[in-house]
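# A closer look at the structure
Here are the chains, one letter per residue:
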Amino acid sequence: MKVTPASVTLLVVAALHDFCVAVPAKRDDSSIPTDIQILNFALTLEHLENAFYTQGLQKYTQQDFLNADLPTWARGRWNEIAQHESTHVSFLESVIGEQAVQPCTYSFPDTDPISFVTTSFMLETVGVSAYSGAAQFLSQSDYITSSGAILAVEARQSAWINSAILKANPWNTAFDTPLDLNHVWTLASGVIVSCPSSNMPLPVKAFPALSFPAGAQPGQTVQVSFNATTVSSVPPQLYVAFIAGLGATFVPLSSQNTVEIPSTLQGVVFPIITSSSTAVTDDVTIAGPAFLSFHFNAAGEDEL
């Protein structure tokens, strides 16, 4: 089984790569979110995951899992993951108290057990990046410790899905990828239909969605797309920043909206359209991120 690279929308490029550090940038003092806002951001993501597993396990029976050639014990593991996400929701609600946000309405892309598996892998992996990127904003040590404990479980779940079920790599580079709050929200908002008006406003915004063609692989030149009409002014030269670990590889976009995916990329990669060839910050983000997963074997070689 292969993970089909998940969609979201973009513009394309030629091939010229620069490497830079892509750690989420600090916000200025006036826009630094409070601990409660960050915890509610985490709770919003946990509500999403909790709903995904609750709905998925109601749709797909054990026989459905077996008919999809999944191991006999696989659905039981997802039951355990569902219990974890429910516990995360309850824990965060107890910490936040009266200000805790309520669940939203969702539209998940899974239509069968296999797409349930790949969506689960994406959600768990994005969850790791969300907790990693948001940690810098927490000021209370108790919140940092408990968020780290949740992050570790999300990482174990992501690794289990990709390794034990999808027979792919359980990790990426020596570093996982912390994402900016707005970049996480761009990915999450793709499955959120609406949220209660009574919920605390979150300090986030979604960028235009970005998508790569299904089956895109390193070394290929592919066409990508994003909704440029939602961007007030698009610079004449754009770049695709392929974020992996703590770094990004930049490839300039061509006028034909094509980009050559760097052949050196492995594991989970978050491509973003940016107006800069050296930075991945909110003020230069045009669209994305998208979610791509490039498998590699035990010898560190790409698996096509």
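Scroll up to find the structure.
A brief look at the structure comes next. Keep in mind the model is a prediction, meaning the values are calculated, not measured. Every chain is numbered on its own, with residues counted from 1 as its sequence reads. Whole-chain, interface and lining totals are the exception, using all residues; otherwise, since this is a predicted model, local features are given only for residues with pLDDT of at least 70 and side-chain atom pairs are given and counted only at 80 or more. Hydrogens and waters are ignored; side-chain quantities use all the structure's heavy atoms.

The next thing to look at is the pattern of salt bridges. Salt bridge criterion: a side-chain nitrogen from Lys or Arg within 4 Å of a carboxyl oxygen from Asp or Glu. Counted by the stated rule, this structure contains two salt bridges. As a salt-bridge pair, K59 and D110 come within 3.0 Å of each other at their nearest N and O atoms. Residue K59 is located in helix 1 (residues 35-59), and its partner D110 is located in the loop between strand 2 (105-106) and helix 4 (113-134); the two are separated by 51 residues in the primary sequence. Of the charged contacts in the structure, one is a salt bridge between R77 and E80, with a shortest N-O distance of 3.3 Å. On the criterion of helical spacing, the pair formed by R77 and E80 is a turn pair, its members being three residues apart in helix 3 (residues 74-96). Summary of the burial criterion: residues with accessible area below 20% of their type's maximum are buried, those above 50% are exposed, and those between are partly exposed, where the area comes from a 1.4 Å probe applied to protein chains only. On the accessibility criterion, R77 (40% relative accessible area) is partly exposed. Working definition: helices are DSSP H or I runs of at least four residues, strands are E runs of at least two. Numbering for both runs from the N terminus.

Note on ring pairs: Phe, Tyr and Trp rings are taken, using the six-membered ring of Trp, and paired if centres are within 6.5 Å. Classes follow the plane angle, with under 30 degrees stacked, over 60 edge-to-face and the rest tilted. Throughout the structure, instances matching the rule amount to 14 aromatic pairs. Arranged with centres 5.5 Å apart and planes meeting at 20°, the rings of Y106 and F108 form a pair that is stacked. Accessibility classification places Y106 together with F108 in one group, the buried group. Ring geometry for F270 versus F291: centroids 5.8 Å apart, planes at 70°, classification edge-to-face. With F270 in strand 10 (residues 267-274) and F291 in the loop between strand 11 (285-287) and strand 12 (292-294), the pair connects residues that are 21 residues apart, well separated along the chain. Here F270 matches F291 in class, with each residue buried. Each residue in the set F52, Y53, Y60, F65, W73, W78, Y106, F108, F116 and W160 is aromatic and connected to the rest through ring pairs, giving one cluster.

The next point concerns empty space enclosed by the protein. In this analysis a 1.4 Å probe is tested at points of a 1 Å grid over the protein atoms alone, and where it fits but cannot get out there is a cavity; an open set with protein on both sides within 12 Å along at least five of seven lines is a pocket; lining residues have an atom within 4 Å of a point. Grid points are joined across faces, edges and corners, and a volume is the space filled by probe spheres set on the points. Enumeration according to the criterion identifies two cavities of 30 Å³ or more in this entry. Here the largest cavity is characterised by a volume of approximately 90 Å³. If you trace the largest cavity, you find it lined by I38, L39, F41, A42, L45, A130, Y131, A134, A135, L138 and S147. Listed by contribution, the elements that provide at least two residues to the lining of the largest cavity are helix 1 and helix 4. Each residue is assigned to one of three groups, with Ala, Val, Leu, Ile, Met, Phe, Trp, Tyr, Cys and Pro labelled nonpolar, Asp, Glu, Lys and Arg labelled charged, and all others, Gly among them, labelled polar. For the lining of the largest cavity, the class distribution of residues is ten nonpolar, one polar and no charged.

On to the nonpolar core, then. A general trend in soluble globular proteins is that nonpolar side chains are found buried together. Only buried residues count toward a nonpolar core, which is a set of Ala, Val, Leu, Ile, Met, Phe, Trp, Tyr and Cys residues joined through side-chain atoms within 4.5 Å. Among the nonpolar cores identified, the biggest contains 65 residues, and F41, L48, W78, F116, V117 and F270 are the most heavily contacted of them. At the level of elements, helix 1, helix 3, helix 4, helix 5 (141-165), helix 6 (181-188), strand 7 (239-244), strand 8 (247-252) and strand 10 are the ones that each hand at least two residues to this core. Looking at this core element by element, the count peaks at twelve residues for helix 1. Setting aside residues up to four positions removed in sequence, V117 forms contacts with L70, W78, I161, I165 and L166. Throughout, a contact is declared for two residues whenever any of their heavy atoms are within 4.5 Å.

Let us now look at the pairing of strand 7. Taken across its six residues, strand 7 has six buried, putting it largely inside the fold. On strand 7, burial covers both faces: Y239, A241 and I243 on one face and V240, F242 and A244 on the other are all buried. By this definition, two strands are paired if DSSP reports at least two bridges between them. Note that strand 7 and strand 8 share six bridges and pair antiparallel. Directly across from A244, in strand 8, lies its bridge partner G247. Between the antiparallel neighbours strand 7 and strand 8 lie two residues, among them G245 with a positive phi of about 65°.

Turning to the environment of S211, a few remarks are in order. When you line up the elements, S211 lands in strand 4 (residues 210-211). When the C-alpha atoms of S211 and A290 are compared, they prove to be 6.1 Å apart, with 79 residues separating the residues in sequence.

Looking at where A216 falls in the secondary structure, it is placed in the loop between strand 4 and strand 5 (221-223). Overall, A216 belongs to the buried group, its relative accessible area being 1%. Placed 45 residues apart in sequence, A216 and I261 show a C-alpha to C-alpha distance of 8.2 Å.

Right, let's get into the side chain of S129. Relative to the elements of secondary structure, S129 occurs in helix 4. With a relative accessible area of 0%, S129 lands in the buried category. If near-sequence neighbours (up to four positions away) are discounted, S129 is found in contact with D176, T177, P178, L179 and F270.

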